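# Structure assessment
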Amino acid sequence: MAKVIKGIDWETFHKLRGSEKKEYFIRDEKIFHIIMPQQFDRPFLDEICELTSKIRGIAKGNKGIAFLQSLLQGKRAMLYFVQPSTRTFLSFMAACQILGIQCSDVRDTATSSEMKGEWQEDTVRTFSSYVDLIVMRHPQAGFAERIAFLLNQISRPVPVINAGSGKDQHPTQALLDIYTLHRSFENYGGIDGKKIAFVGDLRRGRTVRSLAYLLRNYSDVTLYFVAPPELQLGEDLKEYLREQQVAFEEMDRLEEVIPSVDAVYMTRIQDEYDEAGESKRIDYSAYYFKKEYLKILPPNAIIMHPLPRRDEIPVEIDADKRAMYWRQVRNGMWVRVTLIATIFLKDKDIKEY
Ligand code: NCD
């Protein structure tokens, strides 16, 4: 029997720490909703990496493709993406297709009854009547969490995957980033002990936040936060890292850190969140990965970016074997296959294939 969580109101729930919310995102001891990185532990991350590599192998042959296609046939997913998206949207759609799931989508509230004043909550509740999975990207931080909370109360709960919640979190991007790091360092001692620099708009970039949360699961990692003072990492996350005893340093000069890192995680400026055009006053070019940095970047280090990029990585860098951002794009699809298969309890079938 599925355990339906009742007896806690939204205000109380919302104030809980991420680690305390975790139990509301599982069902029968298995992951059900994917909402925030604080819900994941090291065994889960290791499992996702292993399963993703297994799935990639299975998908290399026609028999394997047909097997994956058969796993979730008859299931339906709703992709509710009311903030712009290219990769996350398409990779979730591709992931569903790989598993035989059919997709519908709403990509603009202007095309839904939200325009008639319908509550957002009722909109998503409506989706849950027609589908078996809701993947959502929403400008409001905490909204995916609220929906997961509400759907837990109904008689036919549907899993929710947070595909980006405002400036706050992007857990599936962080999981694909972990998979990319895992693959890159497989023969170099894994992610433990690595030095990772995050560069750019760290205050408003949700991918950075989510990945930093996940990295607490690895031992002896050192994080460098390289950003203009106005765009440094939020105090809440720094507090979390201190508490989790993750070593980190804030810096503002990129070239200083490059010679000693294992990974550089570049980001674009998130000026869509500007309140008074403040981004225009910042010289962001100091946080571009310049071509000459390739000479000082260690030979086994990698360059990451969640994309979309603007000018922070010139196109010439793409040809360098340390550039991993196009791999991240591809890995994103496979990690999402893994996550959806795991939510629907197909991980065992995949392992046994
Ligand atoms: C990111 C996002 O939407 O947060 N894109 C993505 O999902 N890969 C990064 C960004 O928009 O800058």
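Residues numbered from 1 in each chain as written. Predicted model: local features only at pLDDT ≥ 70, side-chain atom pairs only at ≥ 80, totals over all residues. Heavy atoms only, no water.

## Looking at the packing of helix 5 (residues 87-98) against helix 13 (residues 325-343)
- For the pair helix 5 and helix 13, the least separation of the axes is 8 Å and the interaxial angle reads 50 degrees. One way to sum up the angle between helix 5 and helix 13 is to call them oblique. When you trace helix 5 past helix 13, the crossing you get is right-handed. Packed against helix 5, whose contacting residues are Arg87, Thr88, Ser91, Phe92, Ala94, Ala95, Cys96 and Ile98, the element helix 13 presents Val329, Gly332, Met333, Trp334, Arg336, Val337 and Ile340 at the interface. (Axes fitted to C-alpha atoms, helices over the stretch in contact; angles between N-to-C directions. Helix = DSSP H or I, 4+ residues; strand = E, 2+ residues; numbered from the N terminus. Parallel < 35°, antiparallel > 145°, perpendicular 65-115°, else oblique. Left-handed = near helix turned anticlockwise from the far one by under 90°. Contact = heavy atoms within 4.5 Å.)

## Topic: the environment of tyrosine 213
- For tyrosine 213, the location among the structural elements is in helix 9 (residues 206-215).
- Setting aside residues no more than four positions away along its own chain, tyrosine 213 makes contact with Pro37, Gln38, Gln169, Asp236, Leu237 and Tyr240.

## Focus: the domain arrangement of the protein
- For the protein, the domain assignment lists domain 1 (10-169 + 331-352) and domain 2 (171-271 + 283-325).
- The C-alpha centroid of domain 2 is placed 25 Å from the C-alpha centroid of domain 1.
- In this complex, domain 1 contributes 32 residues to the contact, which on the side of domain 2 involves 26 residues.
- In this assembly, domain 1 packs against domain 2 so that about 2,500 Å² is buried in total across both faces, 56% of it on carbon and sulfur atoms.
- Looking at the side of domain 1 facing domain 2, the largest losses of area belong to Arg42, Leu45 and Cys49, adding up to 21% of the total buried there.
- Taken together, the links from domain 1 to domain 2 amount to three salt bridges.
- At the junction of domain 1 with domain 2, the criterion picks out twelve residue pairs in polar contact (both at pLDDT 80 or more).
- Of all the secondary-structure elements, those providing two or more residues to the side of domain 1 that touches domain 2 are helix 3 (42-58), helix 5, strand 6 (160-165) and helix 13.
- Among the elements that take part in the side of domain 1 that touches domain 2, helix 3 stands out by supplying seven residues, more than any other. (Domains from an automatic or database assignment. Buried area = accessible area lost by both parts, 1.4 Å probe. Salt bridge = Lys/Arg side-chain N within 4 Å of Asp/Glu carboxyl O. Polar contact = N/O pair within 3.5 Å; in protein donor to acceptor, adjacent residues only side chain to side chain.)

## Quick look at the layout of surface pockets
- Size it by volume and the largest pocket reaches roughly 570 Å³.
- If you trace the largest pocket, you find 32 residues lining it, with Arg137, Arg206, Arg268, Leu307 and Pro308 closest to the centre.
- The element that contributes the greatest number of residues to the lining of the largest pocket is helix 13, accounting for five residues.
- Among the residues making up the lining of the largest pocket, the classes are represented as nine nonpolar, 14 polar and nine charged.
- For the lining of the largest pocket, the domains that each give at least three residues are domain 1 (10-169 + 331-352) and domain 2 (171-271 + 283-325). (1 Å grid on protein atoms, 1.4 Å probe; cavity = no way out; pocket = protein on both sides within 12 Å on 5 of 7 lines; lining within 4 Å. Points joined across faces, edges and corners; volume = space filled by probe spheres on them. Nonpolar A, V, L, I, M, F, W, Y, C, P; charged D, E, K, R; others polar.)

## Overview of the pattern of salt bridges
- Inspection of every chain in the model, using the stated rule, returns 26 salt bridges.
- A salt bridge links arginine 42 to aspartate 46; its shortest N-O distance comes to 3.1 Å. Within this pair, arginine 42 and its partner aspartate 46 are both found in helix 3, separated by four residues, close to a single helical turn.
- Relative accessible area serves as the criterion here: at 36%, aspartate 46 is assigned to the partly exposed category. (Buried < 20%, exposed > 50% of the residue type's maximum accessible area, 1.4 Å probe, protein only.)

## Observations concerning the side chain of glutamine 270
- Looking at where glutamine 270 falls in the secondary structure, it is placed in the loop between strand 10 (263-266) and helix 12 (293-296).
- Classification of glutamine 270 as buried rests on a relative accessible area of 12%.

## Remarks on the site of the ligand
- Around the ligand, the neighbouring residues are Thr88, Arg137, His170, Gln173, Arg206, Thr207, Arg268, Gln270, Pro306, Leu307 and Pro308.
- Separating an oxygen atom of the ligand from a side-chain N or O atom of arginine 268 is a distance of 2.7 Å.
- For the ligand, the accessible surface in isolation is 320 Å², of which the surrounding protein chains cover 93%.
- Assessed atom by atom at 2 Å from the grid points, the ligand resides in the largest pocket. (Near = heavy atom within 4 Å. Areas by Shrake-Rupley, 256 points an atom, 1.4 Å probe, with all protein chains shown as cover. Sits in = over half its atoms within 2 Å of the grid points.)

## A few points about the pairing of strand 8 (residues 222-226)
- Within strand 8, five of the five residues are buried, which leaves it mostly tucked inside the rest of the structure.
- Here strand 8 shows no split at all, with Thr222, Tyr224 and Val226 on one side and Leu223 and Phe225 on the other all buried.
- In the sheet, strand 7 (residues 195-199) pairs with strand 8 via five bridges, with the strands oriented parallel. What sits directly across from lysine 195, in strand 8, is threonine 222.
- Inspection of the sheet shows strand 8 paired to strand 9 (residues 247-251) by five bridges, in the parallel sense. For tyrosine 224, the partnering residue across the bridge sits in strand 9 and is glutamate 249.
- Between the parallel elements strand 8 and strand 9, the chain passes through helix 10 (residues 235-243) in a crossover that is right-handed. (Pairing = 2+ DSSP bridges. Right-handed = clockwise from strand over helix to strand, strands pointing away.)

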